[in-house]
Amino acid sequence: MFSAANARLETIPEEEEEQELQKKLEEIKKGWILKPKEMKRRRSSHLALKRCFWAIVLASVIIALPIIIVKNWPQPQNNPPPPDQYKVALTKALQFFDAQMSGRLPTSKNISWRQDSGLKDGFKYGKGQLIGGYYDAGNNMKISFPMAFSMTMLSWSTIEYGHKYRAVEEYDHIRDIIRWGTDYLLLTFDSSATTIDHIVSQVGEADDLRCWQRPEDMAYSRPVHRAYEAADLAGEVAAALASASIVFIDDKNYSQKLMKGATALFEFARDHSKGQSDSKMNEVTAQMYKSSGFYDEFLWAASWMFYASGNCSYLTIATNPDKHAFLSTPESRALSWDNKLPGARLLLTRLRIFLGPGYPYEAMLKEYHHMNDLNMCAFLKRFNFYNFTGGGLIQMNHRGFQYLQYAANAAFIASVYVDYMKAAGMPGWFCGGGYIVADDVKKFATSQVDYILGANPMNMSYVVGFGEKHPKQVHHRGFSIPDDGYHYSCTGGYQWRDSPKSNPNIIVGAMVGGPDGFDEFYDMRKYYKYTEPSLAGNAGLVAALISLTASGGNLVDKNTMFTVIPPFSPSSPQPPPPWKP
């Protein structure tokens with residue numbers, strides 16, 4: 001038993017060793033099974049880290065590469081945007097005035113085919129002579145009435161949009177143009193006196209129409225015409241000088257000189273009730289520029305005299321009720337060299353919108369404002385007040401033809417009025433019970449100027465030198481005769497007048513008379529109603545163009561017009577009459 005027991009005891013360690021060995025074998029087997037999975041996990045983890053790393057690197061490259069390229073790529077210049085068509089046309093339209101200059105031309109003249117001319121004008125007239133100014137149209141006459149209106153329009157546009165003229169780098173140019181005109185107008189009367197008895201209305205007459213000669217070749221007599229009872233002429237010249245005095249307010253001496261002359265002219269206009277066309281000394285002028293009356297010039301001049309002087313006595317005159325102020329015919333609503341009523345109403349409406357002087361001016365200013373609103377509404381087709389051509393040109397000239405200058409004037413006053421409204425925060429107004437959006441009136445202004453510049457059935461720009469297609473046979477003496485050193489006599493120039501060829505000289509910026517009521521235009525020199533340009537026409541065009549160009553921003557200058565206007569103190573209306581039982 002002992003031996004058996006011993007034998008059992010001896011076997012126990014062996015069994016334990018075998019069990020231990022079995023456990024080790026099991027662990028080894030487990031290791032063989034589990035180890036590849038762990039190794040796979042480790043390899044997968046390492047691969048994921050590598051992929052993440054390279055993804056970060058690739059993303060950094062993708063982000064950084066464009067930045068590096070942009071920084072190192074040659075940068076384009078910060079050029080200004082291309083100019084709009086109104087700016088381009090404006091620059092050209094101003095050149096027309098350079099080509100129309102009479103007298104000793106400035107050294108900076110840029111019209112190669114123009115030289116000094118009219119150096120004997122007014123030689124027999126007396127002190128000061130009458131050298132300078134502008135030729136009126138395609139002829140060689142200097143006519144004070146339309147010349148003065150042209151200067152007034154140019155001054156008005158400069159006062160409202162001086163910042164735009166600066167933006168297009170034409171501010172000095174427009175001032176030079178105005179001063180050339182006002183310097184001459186100061187010679188047409190005794191500007192050193194406080195009281196005058198006449199004013200020169202015209203230099204030249206029949207021979208300027210009969211002869212076809214360049215101004216440089218004139219050798220015929222150029223009589224001087226004077227007016228002794230021309231309230232309309234004196235009023236217009238007063239308006240020109242007064243408005244220009246605001247333009248040149250930075251030149252104290254010249255501004256005061258202009259105002260002194262304007263004051264004498266206004267008093268002359270007040271003292272003489274007959275219109276220019278009623279004067280026997282102005283029969284020749286009346287054949288071309290017959291004034292329909294003097295009240296519109298009187299109101300126009302009074303308005304400008306108020307703005308230029310700050311003297312409220314002129315505002316009292318301008319707001320004195322008169323039956324002529326309430327005219328509402330198609331003719332009375334068309335701003336032109338003959339009719340300034342729409343312009344005067346707008347100037348006085350400007351005062352009400354921005355300053356609102358109140359009593360005792362408010363009642364009449366309110367009437368002007370109302371009539372001005374109606375005037376603007378008349379420009380819209382929906383009201384059927386004016387006829388329009390099939391191509392969209394408004395027909396405002398009751399004389400027929402020369403529609404473009406009337407359209408240009410209408411475009412300017414419509415455009416500047418909308419700018420007044422926007423500056424005052426007013427989006428529109430009421431007409432005939434309906435509400436008019438200001439932008440609709442601006443679109444009218446744009447449509448008329450676009451028509452002039454080529455958006456018409458003829459696909460023709462009516463401004464010489466603008467666009468690919470424009471008039472080539474402009475009715476103009478200097479434009480049609482070559483500057484070849486040869487002196488062509490009075491009748492010797494007929495060969496150029498009657499030639500079917502294009503004019504040898506280009507009078508850049510000249511706006512011709514334009515098409516007829518059917519949008520038809522005949523580019524023939526002999527048809528002057530179609531092809532003749534004029535100072536008054538181009539002045540309205542310049543004013544419209546500067547108002548529409550985007551250069552310098554879309555705002556109007558509210559303050560320059562009011563530079564010398566004193567503040568209006570609030571005043572109470574007159575007390576009612578005492579009660580009677």
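What you see is a predicted model, and the numbers here were worked out from it, not measured in a lab. Here, residues in each chain are numbered from 1, in the same order as that chain's written sequence. Given that this is a predicted model, residues contribute local features only at a pLDDT of at least 70 and side-chain atom pairs are listed and counted only at 80 or more, while totals for whole chains, interfaces and linings are drawn from all residues. To obtain the side-chain values, all non-hydrogen atoms of the structure were included, while hydrogens and water were left out.

## Here we look at the pairing of strand S7 (residues 434-437)
Two elements, strand S6 (residues 428-431) and S7, share four bridges in a ladder whose sense is antiparallel. Each residue of the ladder has a partner; that of Trp429, found in S7, is Ile436. Strands pair, by our definition, only if DSSP identifies at least two bridges between them. Numbering goes from the N terminus for both helices and strands, where a helix is a DSSP run of H or I of at least four residues and a strand is a run of E of at least two. Between S6 and the antiparallel strand that follows it, S7, lie two residues; Gly432 among them carries a positive phi value of about 55 degrees.

## Things to note about the confidence of the model for the chain
When pLDDT is averaged along the chain, the result is 86; 81% of the residues meet or exceed 70. Below pLDDT 50 for its whole length, residues 1-14 participates in zero contacts with residues either more than four positions away or in separate chains. Each residue carries a pLDDT score, the predictor's own confidence in it, on a scale running from 0 to 100. The contact definition used throughout considers only heavy atoms, calling two residues in contact when any of these lie within 4.5 Å. Low pLDDT, under 50, characterises residues 28-43; the stretch is placed with one contact to residues that sit more than four places away or in other chains.

## As for helix H12 (residues 362-378)
The first and last C-alpha atoms of H12 sit 24 Å apart over 17 residues, in line with the 24 Å expected at 1.5 Å per residue. Any residue under 20% of the maximum accessible area for its type is buried, any over 50% is exposed, and the rest in between are partly exposed; the area is computed with a 1.4 Å probe on protein chains only. Buried within H12 are the following residues: Met364, Leu365, Tyr368, His369, Met371, Asn372, Asp373, Asn375, Met376, Cys377 and Ala378. The length a helix should cover is 1.5 Å for every residue beyond the first.

## Quick look at the state of the cysteines
Working definition: a disulfide is two cysteine sulfur atoms within 2.5 Å of each other. For the structure on display, the rule yields two disulfides. Here Cys211 engages in a disulfide with Cys490; their sulfurs sit 1.9 Å apart. Looking down the S-S bond of the Cys211 and Cys490 bridge, the torsion is -90 degrees, so its handedness is left-handed. Of this pair, Cys211 sits in the loop between helix H5 (206-210) and strand S3 (224-227) while Cys490 sits in the loop between helix H15 (477-480) and helix H16 (494-497), and the two are 279 residues apart along the sequence. With its sulfur 1.6 Å from that of its partner, Cys377 forms a disulfide with Cys431.

## Quick word on the nonpolar core
Only buried Ala, Val, Leu, Ile, Met, Phe, Trp, Tyr and Cys residues count toward a nonpolar core, and they belong to the same one when joined by side-chain atoms within 4.5 Å. Membership of the largest hydrophobic core comes to 160 residues, with the highest contact counts inside it found for Trp156, Trp304, Phe379 and Trp429. With 15 residues, helix H13 (residues 403-423) is the single largest residue contributor to this core. For Trp156, the contacting residues outside a window of four places in its chain are Trp300, Trp304, Gly343, Leu346, Leu347, Phe412, Ile413, Tyr420 and Met561. Counting five residues, the second-largest nonpolar core is a separate cluster that includes Tyr135, Cys211, Met218 and Tyr220.

## Concerning the environment of Asn140
Position of Asn140 among the secondary structure elements: in the loop between helix H2 (85-99) and strand S1 (142-143). Note: C-alpha distance between Asn140 and Ser102 (38 residues apart in sequence) is 8.9 Å. Ignoring any residue separated from it by four or fewer positions in sequence, one finds Asn140 in contact with Tyr135, Asp208, Gln213, Arg214, Pro215, Met218, Tyr220, Arg222 and Arg477. Polar contact is the term for a pair of N or O atoms within 3.5 Å; when the atoms are in protein, one must be able to donate a hydrogen and the other to accept it, and sequence-neighboring residues count only if both atoms are side-chain atoms. Side chain to side chain, Asn140 and Tyr220 meet in a polar contact 3.5 Å long.

## Section: the pattern of salt bridges
For this analysis, a salt bridge means a side-chain nitrogen from Lys or Arg found within 4 Å of a carboxyl oxygen belonging to Asp or Glu. Applying the stated criterion across every chain yields a total of 17 salt bridges. A salt bridge links Arg179 to Asp183, with the shortest nitrogen-to-oxygen separation between them at 3.9 Å. Linking Arg179 with Asp183, this pair stays in helix H4 (residues 171-185), spanning four residues, or about one helical turn. With a shortest N-O distance of 2.8 Å, Glu297 and Lys340 are connected by a salt bridge. With Glu297 in helix H9 (residues 295-309) and Lys340 in the loop between helix H10 (312-318) and helix H11 (341-354), this pair connects stretches of sequence that are 43 residues apart.

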